Amino acid sequence: MPNIIHIPGGEARSFLLKSGELLKVTDVEGKQVADFIAISFHKKDEYLSTAHTRTMNSRLTVMKGDQLYSNYRHPLLEILEDTVGVHDTLYPCCDPMRYKLDFGVENHRNCRDNFAQALEEYNLDYGFIPDPLNLFQNSPLNADGTFANFTEPESKAGDYVVFKSLTDLIIGISACPQDMTPLCGYQITDIKAEIM
Ligand SMILES: [Zn+2]
């Protein structure tokens, strides 16, 4: 019987994922970026590091079969299935300054505040939030290494990624509230997480 966590569009949730459990993250309606972070339950200063994952896998992105590494280079998760194949490991969470500096908007919902709220029960605060794996985010690079403009995600309704947990983890997922670029197709929708 799967344990289902519903993440409303623009919000975040956190939950525990035990070693050996599978986690399916589904883009319910399509074109919705899900910022994804993972923290060791037993050692709170150890977390999924996109920088270490890129280095250990010798690749800028992630794909089926990859292990995802911590800031101590331990494998924390493995990607068992991926129906999209387009994700981002380069961008930080959106945060209040992103909306203020780039769009002149104050008090916009953002992934970093979302995570800080969702992780409060584990005594993890805003300053701690690690850079996320941005599931379904389509942010290609130009040949000269500069960032190309955001493109809408390739994920369609029901597309998903399945992870296997290799240790006990605190998982955070934010259904990114970025509605001012094509990042989420200009429409913020829900993400579903299922522990199997
Ligand atoms: Zn965001």
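Residues numbered from 1 in each chain as written. Predicted model: local features only at pLDDT ≥ 70, side-chain atom pairs only at ≥ 80, totals over all residues.

## Describing the overall build of the protein chain
Here comes step 1: Scanning the protein chain from N- to C-terminus turns up three helices and ten strands.
Here comes step 2: Shown N-terminal to C-terminal, the secondary structure of the protein chain runs as helices and strands in the order β-β-β-β-α-β-β-α-α-β-β-β-β.
Here comes step 3: Taking all 196 residues of the protein chain together, 39% fall into the buried category.
Here comes step 4: The contacts in the protein chain between residues at least 6 apart in sequence include a share of 71% that link residues at least 24 apart. (Helix = DSSP H or I, 4+ residues; strand = E, 2+ residues; numbered from the N terminus. Buried ≥ 20, exposed ≤ 12 C-beta atoms within 10 Å, placed from the backbone. Contact = placed C-beta atoms within 7 Å.)

## A look at the nonpolar core
Here comes step 1: Val25, Ala34, Ala38, Phe115 and Ile173 are the most contacted members of the largest nonpolar core, which has 44 residues in total.
Here comes step 2: Those residues in contact with Ala38 that lie beyond four places of it in its chain are Tyr47, Leu48, Leu76, Leu77, Leu169 and Ile171. (Core = buried A, V, L, I, M, F, W, Y, C linked by C-beta atoms within 7 Å.)

## Details of the environment of Ala51
Here comes step 1: Tracing the sequence through the fold places Ala51 in helix H1 (residues 50-57).
Here comes step 2: Distance in space between the C-alpha atoms of Ala51 and Ser70 is 9.0 Å, their sequence separation being 19 residues.

## What to know about helix H3 (residues 111-118)
Here comes step 1: With seven of eight residues buried, H3 is to be regarded as a mostly interior element.
Here comes step 2: Residues of H3 that are buried: Cys111, Arg112, Asp113, Asn114, Phe115, Ala116 and Ala118.
Here comes step 3: Each element contacted by the buried residues of H3 is listed here: strand E2 (12-17), strand E4 (34-40), helix H2 (96-103) and strand E9 (169-175).

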